[in-house]
Amino acid sequence: MKLNEFPQVKGILRENVSLSEKTFLGVGGRAEFLFEPADMDDLVFFLKEIPETIKITPLGSMSNVLIRSGGIDGIVIMLGDWFKNIFVEDNILEVGAAVLCSKVSTFSMDHELGGMEFLMGIPGTIGGAIKMNAGCFGSEIVNILVECEGILSDGNVKWFKKDDIGASYRCTNIPDNCIITRAWFKGIPNVNYSIPKKVKEIIEQRKSSQPIGVRTCGSTFKNPDGFKAWQLIEQAGCRGMKFRGAQVSEKHCNFIINTGNATAEDIEILGEQVAKKVFDKTGVKLEWEVIKLGNSN
Ligand SMILES: Cc1cc2nc3c(=O)[nH]c(=O)nc-3n(C[C@H](O)[C@H](O)[C@H](O)COP(=O)(O)OP(=O)(O)OC[C@H]3O[C@@H](n4cnc5c(N)ncnc54)[C@H](O)[C@@H]3O)c2cc1C
């Protein structure tokens, strides 16, 4: 399809858009089309008008995606300012999917509601965090979720109750072509601990255990049942291992970093080499936590 064959939208629709600078890893190809809807009506209208065969890929802040150099076919959808609202009523937070997790943590702290401190440790948006069932420090997003709203690729709106998202460790059954647009979270009033202290502890722990100011997607692999991925990687002798511009972090060896000139393929190859070494050494199969998208060159 050509750009001028798409329906007229209020938001921004562009063709052949480079994504690499905006991704946390700083690598990756182009979106064939990138749509940033002006608001919900614009998004629904657009999806209802386009042919159902076009592939839809929603993206948040791209803190957990490895986009291959050949780019993403079809339409990438990124939510902008209209989806960045956050309100609270009766201890329930209503949050737009483009709001950063850290902002939700700060907002709930300001309203003296507990249970959302862990969101301070997750760099992505609420949409990405729900899709991934992101979590840290013993909590994950499904624990605080009441329900969320999504738009399917045919433009129909669907609500998912907490139990409908099929959440498990870093995984949900929300379809890949469903764009999460809003969510409701339950805050806990009158907690018997200091929320600001807990948030501060999370920030400190992050600083001490993770590389800061580098290009990375955080944990590359999920923790296999009964194991810590970083320990297996350490055991296999992969700390600091390099492939061209990609390197296993010296500080946290489940993090792969782009040292400056890595390509998506360098990162993927290094990840596969690490997984193979871990398997050869321990017999444990590592599964990628980072979502790999798009085509290889
Ligand atoms: C330094 C660092 C530390 C991290 N630590 C943690 C951690 O402790 N725990 C943890 O769980 N994760 C962690 N992450 C990974 C990442 O921040 C989370 O997975 C985050 O939830 C991804 O959100 P995002 O907006 O960046 O999503 P993206 O990376 O843009 O996308 C991730 C997935 O979600 C989908 N998606 C994005 N937005 C939407 C939407 N609106 N609707 C539907 N699907 C959508 C995408 O299609 C993709 O499949 C870390 C990352 C970094 C860089």
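Going by the structure above, here's the rest.
Model, not experiment: these values are computed from the prediction. (Residues numbered from 1 in each chain as written. Predicted model: local features only at pLDDT ≥ 70, side-chain atom pairs only at ≥ 80, totals over all residues.)

> Give me the lowdown on the sheet that holds strand β11 (residues 145-151), citing residues and values where you can.
An order of β6-β7-β13-β11-β12 is seen for the 5 strands of this open sheet, with the pairing classed as antiparallel. Unpaired on one side and paired on the other, β6 (86-89) and β12 (157-161) mark the two borders of the sheet. When the angles between neighbouring strand axes are averaged without regard to direction, this sheet yields 15 degrees. Relative to β12, β11 is paired through 5 bridges, and the arrangement is antiparallel. In the strand pairing of β12, glutamate 149 is matched with tryptophan 159. Lying on the sheet, helix α2 (residues 101-110) is in contact with β6 and β7 (92-96); it crosses β7 at an angle near 150 degrees. (Pairing = 2+ DSSP bridges. Helix = DSSP H or I, 4+ residues; strand = E, 2+ residues; numbered from the N terminus. Axes fitted to C-alpha atoms, helices over the stretch in contact; angles between N-to-C directions. Contact = placed C-beta atoms within 7 Å.)

> With reference to specific residues and values, describe the site of the ligand.
Surveying the vicinity of the ligand reveals 34 residues, the closest of which are Gly60, Gly124, Gly127, Gly128 and Gly218. Listing elements by their share of the shell around the ligand, those giving two or more residues are β3 (56-59), α3 (126-132), β9 (135-136), β13 (179-186) and β15 (215-219). If you tally residues by element for the shell around the ligand, the top one is α3, at 5 residues. When the residues that make up the shell around the ligand are grouped by side-chain class, the tally is 18 nonpolar, 14 polar and 2 charged. (Near = placed C-beta within 6 Å. Nonpolar A, V, L, I, M, F, W, Y, C, P; charged D, E, K, R; others polar.)

> Run through unusual backbone geometry, naming residues and quoting values.
Backbone geometry follows two general trends: most residues other than glycine have a negative phi, and most peptide bonds adopt the trans configuration. The phi dihedral of asparagine 133 falls on the positive side, at around 45 degrees, and the residue is not glycine. Structurally, the position occupied by asparagine 133 is in the loop between α3 and β9. Residue asparagine 133 is classed as buried on the basis of its 20 C-beta neighbours within 10 Å. Even without being a glycine, arginine 244 presents a positive backbone phi close to 50 degrees. Residue arginine 244 is classed as partly exposed on the basis of its C-beta count, with 14 C-beta atoms lying within 10 Å. (Buried ≥ 20, exposed ≤ 12 C-beta atoms within 10 Å, placed from the backbone.)

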